[in-house]
Amino acid sequence: MKDIVFKLIEEEKKRQKEGLELIPSENYVSADVLKAMGSILTNKYSEGYPNFKGIPGDSEKEIAKEILGNYRYYGGQTNIDRIERLAIDRACRLFHADHANVQPHSGANANEAVYFAWCEPGDKILAMNLGHGGHLTHGSPVTRSAKIYNFLAYGTTEDGDIDYKEMEKIAKKEKPKIILVGYSAFMKIPDFKRVKKIADKIPDCLLMADMAHVAGLIAAGVHPNPLDFGFHVMTTTTHKTLRGPRGGLILSKGNVASPLKKPEKTLKNIPILIDRAVFPGTQGGPLEHVIAAKAVAFGEALRPEFKTYAKNIVKNAKVLAEELKKYKFILQGNGTENHLILANVEKSFGISGKFYEKALDMVGLTLNANSLPGDKGGAFRPGGVRLGTPAITTRGMGPKEMKKIAKWMNDVKDICLEVVDEENLHLKQKELDKIRKEVKNLSLKFPVPAI
Ligand code: DSN
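Every value quoted in this text rests on a predicted model; they were computed, and no experiment measured them.

Quick notes on the rules
- Residues numbered from 1 in each chain as written.
- Predicted model: local features only at pLDDT ≥ 70, side-chain atom pairs only at ≥ 80, totals over all residues.
- Heavy atoms only, no water.
- Helix = DSSP H or I, 4+ residues; strand = E, 2+ residues; numbered from the N terminus.
- Rg over C-alpha atoms; globule rule 2.2 N^0.38 Å.
- Buried < 20%, exposed > 50% of the residue type's maximum accessible area, 1.4 Å probe, protein only.
- Contact = heavy atoms within 4.5 Å.
- Areas by Shrake-Rupley, 256 points an atom, 1.4 Å probe, with all protein chains shown as cover.
- Lys, Arg positive; Asp, Glu negative; His and termini not counted.
- Charge placed at Lys NZ, Arg CZ, Asp CG, Glu CD.
- Pairing = 2+ DSSP bridges.
- Axes fitted to C-alpha atoms, helices over the stretch in contact; angles between N-to-C directions.
- Salt bridge = Lys/Arg side-chain N within 4 Å of Asp/Glu carboxyl O.

(A) Geometry of the overall build of the chain. What the chain contains, in helices and strands, is 17 helices and 14 strands. A compact globule built from 451 residues should have a C-alpha radius of gyration of about 22 Å, and the chain, at 22 Å, falls within 12% of that. Buried positions account for 56% of the 451 residues belonging to the chain. Contacts in the chain between residues far apart in sequence, at least 24 positions, make up 72% of those at least 6 positions apart. Here the chain has roughly 19700 Å² of accessible surface; of this, 54% comes from carbon and sulfur atoms. Taking the average location of the 68 positive side-chain charges in the chain and that of its 54 negative ones, the two points are 2 Å from each other.

(B) Here's a closer look at helix α14 (residues 353-361). Among all positions in α14, only Gly353, Phe355, Tyr356, Glu357, Ala359 and Leu360 are buried. Where α14 is buried, its residues touch α13 (345-349), β12 (365-366), β13 (368-370), β14 (384-388), α16 (399-419) and α17 (429-445).

(C) Up close: the sheet that holds β13. Pairing is antiparallel in the open sheet, where three strands are placed in the order β11-β14-β13. In the strand order of this sheet, the two ends are held by β11 (340-344) and β13, each with one partner. Neighbour-to-neighbour, the strand axes of this sheet turn through a mean angle of 35°, independent of strand direction. By the bridge criterion, three bridges tie β13 to β14 in an arrangement that is antiparallel. Looking at the pairing, Asn370 lines up with Gly384 of β14. The sheet strands contacting helix α12 (residues 304-326) are β11 and β14, and the helix crosses β11 at an angle near 15°.

(D) A look at the pattern of salt bridges. Across all of its chains, the model carries 25 salt bridges by this definition. Put simply, Lys326 and Glu323 hold a salt bridge, and the shortest N to O gap is 2.8 Å. Taken as a pair, Lys326 and Glu323 lie in helix α12 at a separation of three residues, close to a single helical turn. Given a relative accessible area of 10%, Glu323 falls into the buried group. As a salt-bridge pair, Lys413 and Asp414 come within 2.9 Å of each other at their nearest N and O atoms. Residue Lys413 is classed as buried on the basis of its relative accessible area of 8%. One continuous salt-bridge network, built from bridges that share partners, spans Arg72, Asp81, Glu84 and Glu288.

(E) Fine view of the environment of Lys196. Among the secondary structure elements, Lys196 is positioned in helix α8 (residues 192-200). Under the relative-accessibility criterion, Lys196 is labelled partly exposed at 24%. Separated by 17 residues in sequence, Lys196 and Ile179 place their C-alpha atoms 9.3 Å apart. Beyond its immediate chain neighbours, meaning those up to four positions away, Lys196 contacts Leu207, Phe229 and Gly230.

Shown next as structure tokens:
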């Protein structure tokens, strides 16, 4: 008998095919990424690492042929080592890094490993306020890290940019061990040079960038790369704009050597400290099927067509933002410089982000409610919504489709205004169904890869 799980997977396929994914942190993987992820590599244990140095002057072919020893705790690693080395090598090339740790199971694990590598309990970490666009792992009191380290927060200015002055003031006074740049809800390009200048005045301050949202844009060269501006570490997830499997990645600059011998705790040794912090510090067995899928995704991101894809993500986001503005949506930062848009629907129309999210869900447009600076509704009743273009751009959509999406969003907003309360949305079922049909028709014209 077929497990009901497979029936539910079929249902989810249908949902993905017939609706439009506007959550800026989601994407659709290729058939090859999916194949690697669902492979027999899931059967293998491989705690430890492959040899980092590889073969001097190595090429991908040479890596695939041979690997010079490893630092693993299990036998049978011939193929695993080569796959992980390919993933490391490709990640380094994509992001101009000296070293890549491809083992973090998620972005949260990646961030935690970096804190663990460089800080002692009680040390200060300066990151963006969660309510202004920071991530949970950047110091939210509900996280494990926040119980171990002492997080300090900077915020954004009125125009939605990073409050660099506040960052500098806090950094000068508190001398944090880490300054962290990188956000979950932010639509501008950070001034990495300016942050580096701030950090340079603080002894032993690790400069860390969490680029989970924009990693694909960085890989394609359409967004600056913090590692090119003197940052020591960049963490990311691999499944957002980078379009790989769900997982994490840590890129770093510095000495690369065996993680078996405890290195001196210096900024130069950050790559080795990070390897030890991932395994055995914070994780056990790596997910080699996911690492293989990461390798495949990095290979795809190294291809020229990925540059076009990334450029189109930004182009689509700008068109969508401009269209929404025409419909009187008030946007945080008055637009976007990347893949992400934050609309203040509370301020624009007096409706809550959650209500609007629910109404849009009913027509097959998926985004998420998001709190904005100064939001009175908090995380459960925020006044904003967050949306973006990575997934719909993967489906091949362009400016024409962005205009249609903005129109549907405006129509749904009008329905929300008419019914006043989300409990009454069913009163407008007919109108919502009509929009849903239009969304479905368009969605089916732009197939989801691998479905
Ligand atoms: N959950 C991710 C996002 O949506 O931004 C961050 O981890």
